[in-house]
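Inside the fold
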Amino acid sequence: MRNNVTLFNSSNHRYVLLNESEPGEEDGIPSNQYLIVHNGKGTLMDPGGFGVMPQVLNEMLQYLNPDDIEAIALSHQDPDIVGGLSSWMKLTPARIYASRIWLRFLPHYGISGMRRFVGVADQGETVSLHSGLQLQFVPAHFLHSPGQINVYDPISKILFSGDVGASMVPNNNCDIFVDDFQKHLPFAEGFHKRYMASNRALRYWVQQVRKLDVELIAPQHGPIYRGQAKTDFLNWLYDLQCGSDLLDLE
């Protein structure tokens, strides 16, 4: 098991990949949880399912108390993202940011009271938190969720990409970063062909990402894309046939 990894650090801003959670019963697929600390306040991205919540909390306590978490961003509605949310809401005062189309769905996770939820517009938007942190929500619809949103941090230049870029690497692979995209491709190709809706949706996403100054693409599963591997990944997605493109209509 690896230690937490600081991906960016300055005097008032830190971006951390928390210790990778154990997969539990999720078919051997561990997940990544990310923490941004800005001016002493925290933002969690996709804090994880119920089973990993204690471990994520333990790692987060190395940086902040729960009272200092001001925001939680949910890329989409899956249980490996939202399953532990009711516990986080009891421990923190955080506002919860999620696509507006999932606000009616989330109470099914045992969440009562939706006053702390903020629905993110389909076209994306930029929000300013009390700490002064600005987060840019980038639409990633139909990849694989109809309402997926990504989170871009302009200070660290890190894009949290949710399930875009996810990969299923062997359990003994502890690489933090992807540096050779062709070597990494076998671990990502099957997932993207099956779970991404269409090439049109991918091209739209790639076009949005290319407008940003992105240093790292940080997915919810698997290692982080950087350098030439990041560029190669975007180029591959732009031309990838996937999802409905592969349906045989005959």
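Each value, and the rule that gives it
- Residues numbered from 1 in each chain as written.
- Predicted model: local features only at pLDDT ≥ 70, side-chain atom pairs only at ≥ 80, totals over all residues.
- Heavy atoms only, no water.
- Salt bridge = Lys/Arg side-chain N within 4 Å of Asp/Glu carboxyl O.
- Helix = DSSP H or I, 4+ residues; strand = E, 2+ residues; numbered from the N terminus.
- Axes fitted to C-alpha atoms, helices over the stretch in contact; angles between N-to-C directions.
- Left-handed = near helix turned anticlockwise from the far one by under 90°.
- Contact = heavy atoms within 4.5 Å.
- Nonpolar A, V, L, I, M, F, W, Y, C, P; charged D, E, K, R; others polar.
- Expected span 1.5 Å × (residues − 1).
- Bend = angle between axes of the 7 residues up to and from the residue.
- Buried < 20%, exposed > 50% of the residue type's maximum accessible area, 1.4 Å probe, protein only.
- Polar contact = N/O pair within 3.5 Å; in protein donor to acceptor, adjacent residues only side chain to side chain.
- UniProt positions renumbered as here; feature names shortened; annotations may be inferred.
- Pairing = 2+ DSSP bridges.
- Parallel < 35°, antiparallel > 145°, perpendicular 65-115°, else oblique.
- Core = buried A, V, L, I, M, F, W, Y, C linked by side-chain atoms within 4.5 Å.
- Right-handed = clockwise from strand over helix to strand, strands pointing away.

Take the pattern of salt bridges next. Per the counting criterion, the structure on display carries six salt bridges. A salt bridge links Lys41 to Asp68, with the shortest nitrogen-to-oxygen separation between them at 3.4 Å. Separated by 27 residues along the polypeptide, Lys41 in strand 4 (residues 41-45) and Asp68 in the loop between helix 1 (53-60) and strand 5 (69-73) bring together distant segments of the chain.

Quick look at the packing of helix 5 (residues 199-210) against helix 6 (residues 227-239) now. Any two packed helices are characterised by how steeply their axes cross, that is the angle between the axes, and by the distance between the axes. The contact between helix 5 and helix 6 brings their axes to 7 Å, and the two run at 145°. As helix 5 runs across helix 6, the sense of the crossing is left-handed. Each of Asn199, Leu202, Arg203, Trp205, Val206, Gln207, Val209 and Arg210 in helix 5 lies in contact with helix 6, whose residues at this interface are Phe233, Leu234, Asn235, Leu237, Tyr238 and Asp239. Its residues assigned to classes, the contact of helix 5 with helix 6 shows eight nonpolar, three polar and three charged.

Right, let's talk about the environment of Asn199 for a bit. Looking at where Asn199 falls in the secondary structure, it is placed in helix 5. Along the chain, Asn199 and Asp239 lie 40 residues apart, while their C-alpha atoms are 6.9 Å from each other. Among residues more than four places away in sequence, those in contact with Asn199 are Leu237, Tyr238, Asp239, Leu240, Gln241, Cys242 and Asp245.

To continue, consider helix 4 (residues 181-195). Look at helix 4: 19 Å from first C-alpha to last across 15 residues, which is about the 21 Å you get at 1.5 Å a residue. At Phe187, helix 4 shows its largest bend, some 50°. Of the residues making up helix 4, those classed as buried are Phe181, His184, Leu185, Ala188, Phe191 and His192. Where helix 4 begins, one side-chain oxygen reaches toward the backbone nitrogen of Gln182, 3.2 Å away; that side chain belongs to Asp180.

Before going further, it helps to examine the UniProt feature "domain: Metallo-beta-lactamase" (unreviewed entry) in the protein chain. Mapped onto this numbering, the UniProt entry gives "domain: Metallo-beta-lactamase" (unreviewed entry) at residues 30-221. Overall, residues 30-221 shows 24% helix and 26% strand. The separation of its end C-alpha atoms is 7 Å.

Next up on the list: the sheet that holds strand 6 (residues 95-99). Ordered by their spatial adjacency, seven strands build an open sheet running 1-2-3-4-5-6-7, and the pairing between neighbours is mixed. Across the chains shown, the open sheet's two edge strands, defined by having one partner strand only, are strand 1 (5-9) and strand 7 (117-120). The sheet shows a mean angle of 20° between the axes of neighbouring strands, direction not considered. Relative to strand 5, strand 4 runs parallel, the two sharing four bridges. Bridging from a neighbouring strand, Leu44 pairs with Ile72 of strand 5.

In the contact formed by helix 4 and helix 6, the axes pass within 11 Å of each other and the chain directions differ by 40°. As judged from the angle between their axes, helix 4 and helix 6 are oblique. Once helix 4 is placed against helix 6, the crossing between them reads as right-handed. The residues of helix 6 that touch helix 4, namely those facing Phe181, Leu185, Ala188, Glu189 and His192, are Ala229, Asp232, Phe233, Trp236 and Leu237.

Counting residues in each nonpolar core, the largest one holds 29 residues, and the members touching the most others are Trp205, Phe233 and Leu237. In contact with Leu237, other than residues within four places in its own chain, are Val164, His192, Asn199, Leu202, Trp205 and Val206.

Among the five residues of strand 5, five are classified as buried, and the element is accordingly described as predominantly covered. On the question of chirality, the crossover connecting strand 4 to the parallel strand 5 by way of helix 1 is right-handed. In the sheet, strand 5 pairs with strand 6 via three bridges, with the strands oriented parallel. Opposite Ile72, over in strand 6, you have Ile96 as the bridge partner.

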